[in-house]
Amino acid sequence: MSKGRVCLAYSGGLDTSTILKFLINDGYTVVCFLANVGQEEDWKEVEEKALKLGAEKMVIRDLQAQFVTEIVFRATQCNAVYEDRYLLGTSLARPIIAREQVRVAQEFKCDFLSHGCTGKGNDQVRFELAWLALAPSMKIIAPWRIESFISKFQGRADLLEYARLNDIPVSSTPKAPWSMDENLVHCSYEAGILEDPDHEPPKHLWKMTVDPMEAPDKPYRFTIQFEKGIPVKVVTEDGKEATEPVELFKLLNRIGHDNGVGRIDIVENRFIGLKSRGCYDTPGLTILRLAHIDLEGLVLDSKVRELRDQFCTISWSRQLYNGMYFSPEREFVENSIIFSQQNVNGLVRMMVYKGNAYTLGRSSETSNLYSEEDASMDSLSTFSPMDTTGFIAIQAIRLKKFGESKISQGTPLTES
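Here's what I pulled together on the structure shown here. (Residues numbered from 1 in each chain as written. Predicted model: local features only at pLDDT ≥ 70, side-chain atom pairs only at ≥ 80, totals over all residues. Heavy atoms only, no water.)

## Here's the deal with the packing of aromatic side chains
Under the counting rule described, the total for this entry stands at 13 aromatic pairs. Each ring, one from Tyr-86 and one from Tyr-321, has its centre 6.1 Å from the other, and the planes form 85°; the classification is edge-to-face. Taken together, the positions of Tyr-86 in the loop between α3 (64-77) and α4 (89-107) and Tyr-321 in helix α10 (residues 302-321) put the pair 235 residues apart, joining distant regions of the chain. Of the residues examined, Tyr-86 reaches a relative accessible area of 2% and is grouped as buried. (Phe/Tyr/Trp six-rings, centres within 6.5 Å; stacked < 30°, edge-to-face > 60°. Helix = DSSP H or I, 4+ residues; strand = E, 2+ residues; numbered from the N terminus. Buried < 20%, exposed > 50% of the residue type's maximum accessible area, 1.4 Å probe, protein only.)

## Some remarks on the sheet that holds strand β6 (residues 179-182)
The strand order across the open sheet formed by four strands is β6-β7-β12-β11, and the pairing between neighbours is antiparallel. Looking at the sheet topology across the chains shown, the edges are occupied by β6 and β11 (263-269). In this sheet, neighbouring strand axes are inclined to one another by 25° on average, regardless of whether the strands run parallel or antiparallel. Bridge count for β6 against strand β7 (residues 187-190) is four bridges, and the pairing is antiparallel. (Pairing = 2+ DSSP bridges. Axes fitted to C-alpha atoms, helices over the stretch in contact; angles between N-to-C directions.)

## Some words on the sheet that holds strand β1 (residues 5-9)
Strand order in this open sheet of five strands is β3-β2-β1-β4-β5, and the pairing throughout is parallel. The two strands at the open ends of the sheet, each matched to only one other strand, are β3 (57-62) and β5 (139-141). When strand polarity is set aside, the average angle formed by the axes of neighbouring strands in this sheet is 25°. Of the strand pairs in this sheet, β1 and strand β2 (residues 29-36) are connected by five bridges, and their pairing is parallel. The partner of Val-6 across the bridge, within β2, is Val-30. Along the sheet face, helix α1 (residues 14-25) touches β1, β2, β4 (112-114) and β5 and points at about 175° away from the line of β1. Against the sheet, helix α2 (residues 43-52) makes contact with β2 and β3, and its axis sits at roughly 155° relative to β3, the strand it touches most. (Contact = heavy atoms within 4.5 Å.)

## Looking at the packing of α3 against α4
Remark: α3 packs on α4, axes separated minimally by 10 Å, with the N-to-C direction vectors making an angle of 145°. As for the relative orientation of α3 and α4, their crossing is right-handed in sense. In this structure, α3 uses Gln-66, Phe-67, Glu-70, Ile-71 and Ala-75 to contact α4, whose residues at the interface are Gly-89, Leu-92, Ala-93, Ile-96, Arg-99, Glu-100 and Arg-103. Of the residues in the contact of α3 with α4, the class split is six nonpolar, two polar and four charged. (Left-handed = near helix turned anticlockwise from the far one by under 90°. Nonpolar A, V, L, I, M, F, W, Y, C, P; charged D, E, K, R; others polar.)

## Considering the nonpolar core
In terms of nonpolar packing, the biggest core is built from 74 residues, with Phe-67, Leu-92, Phe-222, Ile-224, Leu-252, Ile-287 and Trp-316 touching the most fellow members. The greatest single-element share of this core, amounting to eight residues, is contributed by α4. Discounting chain neighbours no more than four positions away, the residues touching Ile-224 are Pro-231, Lys-233, Val-234, Leu-252, Ile-287, Leu-288, Ala-291, Gly-346, Leu-347, Val-348 and Met-350. Core analysis: the next-biggest nonpolar cluster, separate from the first, contains 26 residues, Ile-19, Cys-32, Ala-50 and Leu-53 among them. (Core = buried A, V, L, I, M, F, W, Y, C linked by side-chain atoms within 4.5 Å.)

## Details of the environment of Leu-399
Within the secondary structure layout, Leu-399 lies in helix α13 (residues 387-408). As a C-alpha pair, Leu-399 and Ser-315 span 84 residues in sequence and 32 Å in three-dimensional space.

## Some remarks on α1
Here α1 is twelve residues long and its end C-alpha atoms lie 16 Å apart, about the 16 Å a rise of 1.5 Å per residue gives. Of all twelve residues in α1, nine are buried, a share of seventy percent or more. Along α1, the residues that are buried comprise Leu-14, Thr-16, Ser-17, Thr-18, Ile-19, Leu-20, Lys-21, Phe-22 and Leu-23. Count one or two residues on from α1 and you reach Gly-27, which has phi positive near 100°. (Expected span 1.5 Å × (residues − 1).)

Spelled out as structure tokens, the structure:
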């Protein structure tokens, strides 16, 4: 008699194939789930492998449109970034995957949710916090935190031996000496030889960008049109045009890929407390974020931008990184983000060249915040420089008193 039905996040790799067979051998019925969030995958091969190993069902869902419109474009609207560098590629995909896995588990009347995340990473936290919010009564099986499982599989050799004994097909292609996670936004590379933070990433590591040194010697130009902070149209110098969200983002990915845009190599602070070295190439979102930031400079009110940057950008980014997407605070912050973007409409002219993206110009037909006449050094008709005298005097009131108090204390600011 079955111990219950498990919905397993299944990739077809050695780890999750081992978990699938382990659960079946332990008496569970397993429904496998795989999300298409833009990664390269042989979907038919994954399905055949899962069913061959004994899965009751292999469910594959295309979530690319949800991923782009619900998450990636929201990240664009708030200029999401973690610790000044990481554009959150892995983190962004997790809520969409977790939500659909719960839907599949409910559809097939599963009793358990399960994943193959390691016990040292962020993803275990992201998936499980999402599941506990989405399906509070559903139980979770996390094999890499079960003592009997980790004592049985202490390294890749143990996994390979179990695969041999249980007829689990293993790829004949040698495993890269690092781990990878790919989706429509980026590809991440970590662990293995990359655990040494001073080890230079091999040239052949990068999957989503060409080497900037080998990128074309000619700049490539294109435009991005935004409505309410969301990209709605991309037009390139050679006649390519995209308006549908997924195709638009894929076009930006291709532009970034071909010109080596979006590579970073960082050490980040994981939510669980460990530091981790990661390499990421994020071509399309790197371009999109730069264009959006530059358009906001033209059309976004300065005080709204200040508050959004201080509170919404930092909070939303950390919420996604830490797995708090399905939380009241994320809903609160996201409503503020959407409100801030009501007037972020316009066209940005861009150029990419050998690893860098540049803004060439920006325009908006709906914003009156920027006035060429007001800003011109050759015009005095709309802004009088004399008015600034009073402005400076008022701003200086407290600063003068601060300076006077320092003098009276014998510690003048001139000696600081």
